[in-house]
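# Results of the structural survey
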Amino acid sequence: MSLFKVRDCWSTVCGRGETFGCDALAVDDLFGAGEDNVILGSLDGVLRVYGVHAAPPPDLRYSPSDLLIEAQTDSPVLQVCTGKLISCSPNKNIAVLHPFSLVVHGVNCIAGSTDHGDQYVLETMYEHKFDRSAYQMVVGPFGGGSGSRDFACVMSLDGAVTVYEQQAFGFRTALPNYLHPFPIKYVRSVDAFITLNADLCLVCYKYQELADPSLKQKWPIWSCTLGETLYDIQTVEITPSVTTIHVLGERNYYCFQGNGVLWFMKRLQYTPCCFHPYILGEHPENKTMCMIVSDTDSVLVYDQTKLRWSAKLSFHPCIIARASFKALQGCLVMLSETGDLRFCYLGTEPMIFMTPERPIKDHKDTKNQLAQLKKDLQNMSLQAETDTLPLLKLNTRILNLRSEGLGKQCDIEIEVSPSLATASVQITFQMVAPLVVSPAVIHLKDLTESITVRVMAHRQNDDTESAVSSTECTICAYYSGTSDVPGSVQQTVRLPLTLAYEVHSTPYLDFSWSAKISVDESPVALKTLFKEFADSSLAELCFRTITGNSKYVGVTSLPANRSYEIRSSGPEYTNVILEEILFRHREYYKTKKCVMRCDKNEIPVADLYRTIEEYVALKRRLNIIQEEIASLCSQYRIIQKCLFNKLKENTVLSVSSLNVLIDDTHETLTEKMLEIALVKQGLKVKFCQLMSLSRLLVTMLGLCSKNDKILLELKETVVHFTDNQNWEDIVFHSLTYLVGNKITLNVQSDDPAHVVMSLRTLIDYVIQHITSVKDELQAKSKKDNTRGVSPILESEEDFYTS
């Protein structure tokens, strides 16, 4: 709890559900009564004027009579300002900036003869309409006036500056080197406007030069490179001839003199939200102060570069200002984006909590306790720790398989049973694309009894061509108990095969790849092995993928040869069927030891290498298209800059030569965007094929492996999921670390061709050692961590069990 806090003495909420911008507040004495009024304008088009007439704090409270005016306008209010904007009238008026108009209102006070008090009426004096979208305005005595009358300057989003001399139109000009709207302010001492240009330079333009139509090129009288965008610019008049310019940047606070000389600069160690500079004291003993609101809801008061005070806020304001009332002088006025208006002052809130004294400990006793603790840890039984039951249990059921459009969906029901109360539980689902689970993450809080959650597994809606490489779904539950000790439970389930395949009734003969799986026991009849598909005692079963381009996988049971024969349109569509055959065959003979083998020459290594080459080539093509799009975007920005410069000539012929270049750039950019969408879709399909072939490689190597340790390391290297990393780079570095100095690779650069050739060499070497009993690779990793550098760790369970 902070000792210094900002204390509220007057507060109200302006409307319900309204939104206020960063220029929605103005503070000024509208009636010459010696106290300020607060003018607000919301983006919902409501204009309000507040005046405070009450006792000093802590008796200062909001009263309904403090709301002097509340009027609904037709357009959103972007900014409110005050000034002498009516000819031959010394009274101050309210200037309201709308997106396409500037309206000046006068406030009339009708003295009341009853207890209801005075009545305030808002009267529209005049209005200026324009065809450009307005961004900001500034009011001041432009042209070196004595202060008896004010003009209004409106800046549009495209950098056009329009000056209105009260009821009359003055002039319009365009600022050079302007691409993005930034704040603009008027400096009275030098009769100039100050803003930020596209080069992030603070520039100052004389009013007379902007008003001179004979000058084609507008040059600033001074400029200063800041190198960062600005949040706000404010000016403070010390004397009529001396003005300071205060600039709030993203990371710095600057103060300039009127002639452009940097007075001081403060580096901010936080992100500022808004600020308000002011003068404290009388000239020449005055002090330049500044209040800055940070993103941590604190207000910091600076005396030039020295921090004099810091206090916490109870809400997040977007505007801060100072106002003086008869009841309270120099109070803080703060407004939030949601309309929370507060008058505050800097106060304190003493901290009641006292830090207890630290007891004096005997270091000898601490040393003995540490030695005893180490001894207890050494004697602790690891078996007792592993036998501890988890705090959470998962019971998963697969149900409700149904068709939806071109694909199928199934529901997964998970029963979460806690043995003790848990503070939070997060359940995540891990599947191999293109199959996904919706929702992917489930959060549960304060779980005290069993609860059932249901999710849906389906194919990605925009991916109807990718091959399904696995139907396994890993469910991970991370939990923390009341003692904040985390834990996790993991369970792997197999989704129905009908989620990715369906039976093809007619025989299919055009198969391009085949493999034979030999078994010690007699092969199981297909009617028994695939109960959900086969309805008769057929010796052959043909599966068809549920995709846009149907592919086929045929399974034949050969009892005479004690084998299964698998044929398919491509090896990338085979892994799911092969895993199901292995799993279901072992489940059928679960009381016996089943030995299943395959010929290592049938492993589709050539298809894997071809897919890797195509995948790397697509990624290279994607990078080239992205570079071309970035170049075209830069060209578009250059054309835009030239277009703005040509528009200053105010002729149609000046921009006619750019239409061909604009059309050609736009057409090329559209073609590249369509091409990159196709390449990304092809890359997604190719990566699914790569994952399927990698899993098939590991599955078939497991049937002819002589070194299961190296096989496990290869599986954890090539079978993983990656979103923001390169699969080929991860596998290359992992296999290089696994192989060590057994072979020498000649990789001189990051050329994709060299990477693919090196991957072929590494995978061939590892496959040779997996299928032979000669030498074993020396694993460089520790005994308790034999994985490669795969970013997502696989389960320690057997690859075929659930």
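The structure this text deals with has already been given above.
Residues numbered from 1 in each chain as written. Predicted model: local features only at pLDDT ≥ 70, side-chain atom pairs only at ≥ 80, totals over all residues. Heavy atoms only, no water.

### Regarding the overall build of the protein
Scanning the protein for helices and strands turns up ten helices and 42 strands. Intrachain contacts of the protein at a sequence separation of at least 6 include 58% that bridge at least 24 residues. Put simply, the protein shows about 41,300 Å² of open surface, and 51% of that area lies on carbon and sulfur atoms. (Helix = DSSP H or I, 4+ residues; strand = E, 2+ residues; numbered from the N terminus. Contact = heavy atoms within 4.5 Å. Areas by Shrake-Rupley, 256 points an atom, 1.4 Å probe, with all protein chains shown as cover.)

### A look at the sheet that holds strand β34 (residues 451–459)
The four strands lie next to each other as β29-β30-β34-β32, forming an open sheet whose pairing is antiparallel. At either margin of the open sheet sits one strand with a lone partner, and together these are β29 (392–404) and β32 (435–438). Averaged over neighbouring strand pairs, the angle between their axes works out to 25° when direction is ignored. Bridging between β32 and β34 involves four bridges; their strand directions are antiparallel. In the sheet register, Val 436 faces β34, and the bridge partner there is His 458. (Pairing = 2+ DSSP bridges. Axes fitted to C-alpha atoms, helices over the stretch in contact; angles between N-to-C directions.)

### Comments concerning the pattern of salt bridges
Side chains that differ in charge, positive against negative, can pair when their charged atoms come close. According to the stated counting rule, one finds 25 salt bridges in the structure shown. Residues Lys 185 and Asp 232 are paired through a salt bridge, measuring 4.0 Å at the closest nitrogen-oxygen approach. Of this pair, Lys 185 sits in strand β14 (residues 185–187) while Asp 232 sits in strand β18 (residues 230–239), placing them 47 residues apart in sequence. What makes Lys 185 buried here is its relative accessible area of 13%. (Salt bridge = Lys/Arg side-chain N within 4 Å of Asp/Glu carboxyl O. Buried < 20%, exposed > 50% of the residue type's maximum accessible area, 1.4 Å probe, protein only.)

### With respect to the side chain of Thr 498
Mapped onto the elements of the fold, Thr 498 is located in the loop between β36 (486–494) and β37 (501–503). The class of Thr 498 is buried, set by a relative accessible area of 14%. Among all residues touching Thr 498, those that are not within four sequence positions of it are Leu 401, Lys 408, Glu 532, Phe 533 and Ile 546.

### Quick notes on the packing of aromatic side chains
Scanning the model with the defined rule gives 24 aromatic pairs in all. Seen in terms of ring centroids, Trp 10 and Phe 343 are 4.3 Å apart; in terms of plane orientation they differ by 15°. Their pairing is stacked. With Trp 10 in strand β1 (residues 4–13) and Phe 343 in strand β28 (residues 340–348), the pair connects residues that are 333 residues apart, well separated along the chain. These aromatic residues form a ring-pair network of at least three members: Phe 142, Phe 151, Phe 171, Tyr 186, Phe 193 and Tyr 207. Lying over the aromatic face of Phe 315, Arg 342 brings its terminal NZ or CZ to 4.4 Å of the ring centre. In this structure, Arg 494 packs its charged tip against the face of Phe 583, placed 4.6 Å from the ring centre. (Phe/Tyr/Trp six-rings, centres within 6.5 Å; stacked < 30°, edge-to-face > 60°. Lys NZ or Arg CZ within 6 Å of the ring centre and 35° of its normal.)

### So, the pairing of strand β7 (residues 93–98)
Burial within β7 is extensive, with six of its six residues counted as buried. The alternating pattern of β7 places Asn 93, Ala 95 and Leu 97 on one face and Ile 94, Val 96 and His 98 on the opposite face, and all of these are buried. Note that strand β6 (residues 79–83) and β7 share five bridges and pair antiparallel. Paired with Gln 79 across the bridge in β7 is Leu 97. Direction of pairing for β7 relative to strand β8 (residues 101–110): antiparallel, over a ladder of five bridges. For Ala 95, the partnering residue across the bridge sits in β8 and is Val 104.

### Considerations on the nonpolar core
Counting residues in each nonpolar core, the largest one holds 103 residues, and the members touching the most others are Ile 427, Phe 543 and Ile 612. Of the residues forming this core, the biggest block, 14 residues, is contributed by helix α7 (residues 659–703). Setting aside residues no more than four positions away along its own chain, Ile 427 makes contact with Val 416, Ala 440, Val 441, Ile 442, Leu 444, Val 453, Ile 475, Cys 476 and Ala 477. Counting residues in hydrophobic clusters, the runner-up holds 23 residues, among them Cys 9, Phe 20, Tyr 50 and Ala 323. (Core = buried A, V, L, I, M, F, W, Y, C linked by side-chain atoms within 4.5 Å.)

### Side note on the sheet that holds β18
If you trace the four strands from one edge of the open sheet to the other, you get β18-β19-β20-β21, paired in antiparallel fashion. Two strands in the sheet have a free side with no partner beyond their single neighbour: β18 and β21 (262–267). Between one strand axis and the next, the sheet turns through 15° on average, direction left out of account. Judged from the eight bridges that link them, β18 and strand β19 (residues 242–249) form a sheet pairing that is antiparallel. Residue pairing for β19: Thr 235 is matched across the bridge by Ile 245.

### With respect to the packing of helix α5 (residues 575–588) against α7
Two numbers describe how α5 lies on α7: the axes approach to 9 Å, and their chain directions differ by 35°. Where α5 crosses over α7, the handedness of that crossing is left-handed. On the side of α5, the interface is formed by Asn 575, Leu 578, Glu 579, Leu 582 and Arg 586, while α7 contributes Ser 692, Arg 695, Leu 696, Thr 699, Met 700 and Leu 703. When the residues that make up the contact of α5 with α7 are grouped by side-chain class, the tally is five nonpolar, three polar and three charged. (Left-handed = near helix turned anticlockwise from the far one by under 90°. Nonpolar A, V, L, I, M, F, W, Y, C, P; charged D, E, K, R; others polar.)

### Comments concerning the packing of α7 against helix α8 (residues 708–718)
Closest axis-to-axis distance for the α7/α8 pair is 10 Å, and the angle between their directions is 175°. Here α8 runs roughly antiparallel to α7, going by the angle between their axes. Of α8, the residues touching α7 (which contributes Met 691, Ser 694, Val 698, Leu 701 and Gly 702) are Leu 711, Leu 714, Lys 715 and Val 718. Tallied by class, the residues present in the contact of α7 with α8 amount to six nonpolar, two polar and one charged. (Parallel < 35°, antiparallel > 145°, perpendicular 65-115°, else oblique.)

Geometric descriptors of this kind do not, in isolation, establish any biological role.
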